[in-house]
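Residues per chain, in single letters:
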Amino acid sequence: MRLTGLLLGVAAVVTLAGCGSGSGGHGDAVPPTATGSLERLAAEVKCKPDMQTDADEIRQAICHNGDGRFILATFATDRGQREWINDAKDYGGHYLVGRKWVAVGDDGVVQALRGTLGGDLEEGTDHHAHSG
């Protein structure tokens, strides 16, 4: 299924970026949430998207800019976006969520992207926090 491949891509970026907790709560003003195509959002954060999936229901690219590496995805529907995020969160990571788009990366990258794109922060499941 296409979703499985996309989630594996998210898992790879989360692994590359690390799952550690960042500083969080940067106190900077958050701009209004950006809208638009994947290419428009990528241009806003100064990255050239490396397209991984270009389908009717989801477009997904790996991006890299001065803040780091992240996945940027856009969705045809709000429901498709929410289902994707809910499934992806099992892999951990940090998510910046806008209307029909999401950026996934480490905490510092997502915080930096939020300063340009706005959006809401969401956290994936932290599988390293379990004590024994």
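Residues numbered from 1 in each chain as written. Predicted model: local features only at pLDDT ≥ 70, side-chain atom pairs only at ≥ 80, totals over all residues. Heavy atoms only, no water.

(A) Highlighting the overall build of the chain. Counting its regular elements, the chain contains 4 helices and 6 strands. Counting over 132 residues, the chain shows a buried share of 41%. For the chain, the share of sequence-separated contacts (at least 6 apart) that also reach a separation of at least 24 residues comes to 54%. (Helix = DSSP H or I, 4+ residues; strand = E, 2+ residues; numbered from the N terminus. Buried < 20%, exposed > 50% of the residue type's maximum accessible area, 1.4 Å probe, protein only. Contact = heavy atoms within 4.5 Å.)

(B) Quick peek at the nonpolar core. One finds F70, L72, L96, A103, L113 and L117 to be the most contacted residues of the largest nonpolar core, which totals 17 residues. Broken down by secondary-structure element, the contributors of at least two residues to this core are α2 (38–44), β2 (58–65), β3 (68–75), β5 (101–105) and α4 (107–117). Among the elements that make up this core, the one with the highest residue count is α4 (4 residues). Discounting residues that sit within four places of it in the chain, L117 has contacts with P31, P32, T33, A34, L41, E44, V45, L96 and W101. Formed by 11 residues, the second largest nonpolar core is a distinct cluster that contains I58, A88, V97 and V102. (Core = buried A, V, L, I, M, F, W, Y, C linked by side-chain atoms within 4.5 Å.)

(C) Up close: helix α3 (residues 78–88). Among the residues of α3, Q81, W84, I85 and A88 are the ones counted as buried. Taken end-on, α3 shows its buried residues confined to a sector of 95 degrees, consistent with a single buried face. (Arc of directions from axis to C-beta.)

(D) Up close: unusual backbone geometry. Despite not being glycine, K46 has its phi angle at roughly 60 degrees, a positive value. When you line up the elements, K46 lands in the loop between α2 and β1 (50–54).

(E) Representation of the pattern of salt bridges. Going through the model one piece at a time under the given rule, you end up with 6 salt bridges. A salt bridge links D54 to R59, with the shortest nitrogen-to-oxygen separation between them at 2.8 Å. Judged by relative accessible area, which is 57%, D54 ranks as exposed. Residue D78 is joined to R99 by a salt bridge in which the shortest nitrogen-to-oxygen separation is 3.0 Å. In this pair, D78 is assigned in helix α3 and R99 in the loop between β4 (94–98) and β5, connecting sequence segments 21 residues apart. Through salt bridges with shared partners, a single network forms among E39, D54 and R59. (Salt bridge = Lys/Arg side-chain N within 4 Å of Asp/Glu carboxyl O.)

(F) Highlighting the environment of G68. With respect to the element layout, G68 can be found in strand β3. Considering only alpha carbons, one finds G68 and G108, 40 residues apart in sequence, at a separation of 8.4 Å.

(G) Fine view of the sheet that holds strand β6 (residues 120–123). If you walk across this open sheet you meet the 6 strands as β1-β2-β3-β5-β4-β6, and the pairing is antiparallel. Whereas interior strands pair on both sides, the edge strands pair on one side only; in this sheet they are β1 and β6. Sheet twist, expressed as the mean angle between neighbouring strand axes with direction ignored, is 20 degrees. Summarising the sheet, β1 and β2 pair through 4 bridges and their orientation is antiparallel. Looking at the pairing, D54 lines up with R59 of β2. (Pairing = 2+ DSSP bridges. Axes fitted to C-alpha atoms, helices over the stretch in contact; angles between N-to-C directions.)

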